[in-house]
Amino acid sequence: MHDLFDLLGIKAPVLVAGLSGGILRALSRHRYKLREMVASPICGALAAAYLTLPAVSYFKATGLPMPDPSDETTTLAAAFLIGVSAMWISDILFEYVVRKFRLATEE
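## Some points on the overall build of the chain
Next, step 1: Scanning the chain from terminus to terminus reveals 4 helices and 0 strands.
Next, step 2: Mapped in sequence order, the helices and strands of the chain form the string α-α-α-α.
Next, step 3: Sorting the 107 residues of the chain into buried and exposed places 33% on the buried side.
Next, step 4: In the chain, the proportion of contacts linking residues at least 24 apart, taken out of those at least 6 apart, comes to 73%.
Next, step 5: For the chain, the exposed area adds up to about 7,200 Å²; of that, 71% sits on carbon and sulfur atoms.

Here it is in structure tokens:
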């Protein structure tokens, strides 16, 4: 499994941190829907897998104050936050798509 992640350019700890952020967001909702409980954590994990390292590099390049960027904890914390944020965005997009399909079927 680790070789597959390496082939895709994904760091497994970053993927797990993003998935954890996604799961936290899914569990914090009062209304549970199957698509939110399954698709949203996956969106959080994928977003964290591919956006964490560019985000940390961007913060390092702009000189924003942050802990040591070479520290793995900083990268994993960024992955967790990106996973949670991607969950919010995916929730909004899923609601938008569902409403559009509902309107289209009613017409």
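## What to know about the environment of Phe-59
Next, step 1: One can find Phe-59 in helix H3 (residues 34-62).
Next, step 2: Residue Phe-59 is classed as partly exposed on the basis of its relative accessible area of 35%.
Next, step 3: The residues contacting Phe-59, other than those within four sequence positions of it, are Leu-64 and Met-66.

## Quick word on the nonpolar core
Next, step 1: Counting 7 residues, the largest nonpolar core is built from Val-14, Ala-17, Ala-47, Ala-48, Ala-79, Ile-82 and Ala-86.
Next, step 2: Looking at this core, the elements with two or more residues in it are helix H2 (12-27), H3 and helix H4 (72-106).
Next, step 3: Top contributing element to this core by residue count: H4, with 3 residues.
Next, step 4: Those residues in contact with Val-14 that lie beyond four places of it in its chain are Ala-48, Ala-49, Thr-52, Thr-75, Leu-76 and Ala-79.
Next, step 5: Counting 6 residues, the second-largest nonpolar core is a separate cluster that includes Phe-5, Leu-15, Ala-45 and Ala-49.

## Thoughts on a nonpolar patch on the surface
Next, step 1: Taken together, the side chains of Leu-4, Leu-7, Leu-8, Leu-34, Met-37, Val-38, Ile-42, Leu-46, Tyr-50 and Leu-51 present a nonpolar region at the surface, about 1,000 Å² in accessible area.
Next, step 2: Put simply, the parts of the chain that give the nonpolar patch at least two residues each are helix H1 (2-8) and H3.
Next, step 3: The leading source of residues in the nonpolar patch is H3, at 7 residues.

## Some remarks on the environment of Met-66
Next, step 1: Topologically, Met-66 is positioned in the loop between H3 and H4.
Next, step 2: Sequence separation between Met-66 and Val-56 is 10 residues, and the spatial gap between their C-alpha atoms is 9.5 Å.
Next, step 3: In this structure, Met-66 is in contact with Val-56, Phe-59, Lys-60 and Thr-74, ignoring residues within four places of it in sequence.

Rules behind the numbers
Residues numbered from 1 in each chain as written. Predicted model: local features only at pLDDT ≥ 70, side-chain atom pairs only at ≥ 80, totals over all residues. Heavy atoms only, no water. Helix = DSSP H or I, 4+ residues; strand = E, 2+ residues; numbered from the N terminus. Buried < 20%, exposed > 50% of the residue type's maximum accessible area, 1.4 Å probe, protein only. Contact = heavy atoms within 4.5 Å. Areas by Shrake-Rupley, 256 points an atom, 1.4 Å probe, with all protein chains shown as cover. Core = buried A, V, L, I, M, F, W, Y, C linked by side-chain atoms within 4.5 Å. Patch = residues over 30% accessible without salt bridge, like charges linked within 9 Å, V, L, I, M, F, W, Y side chains within 5 Å. Salt bridge = Lys/Arg side-chain N within 4 Å of Asp/Glu carboxyl O.

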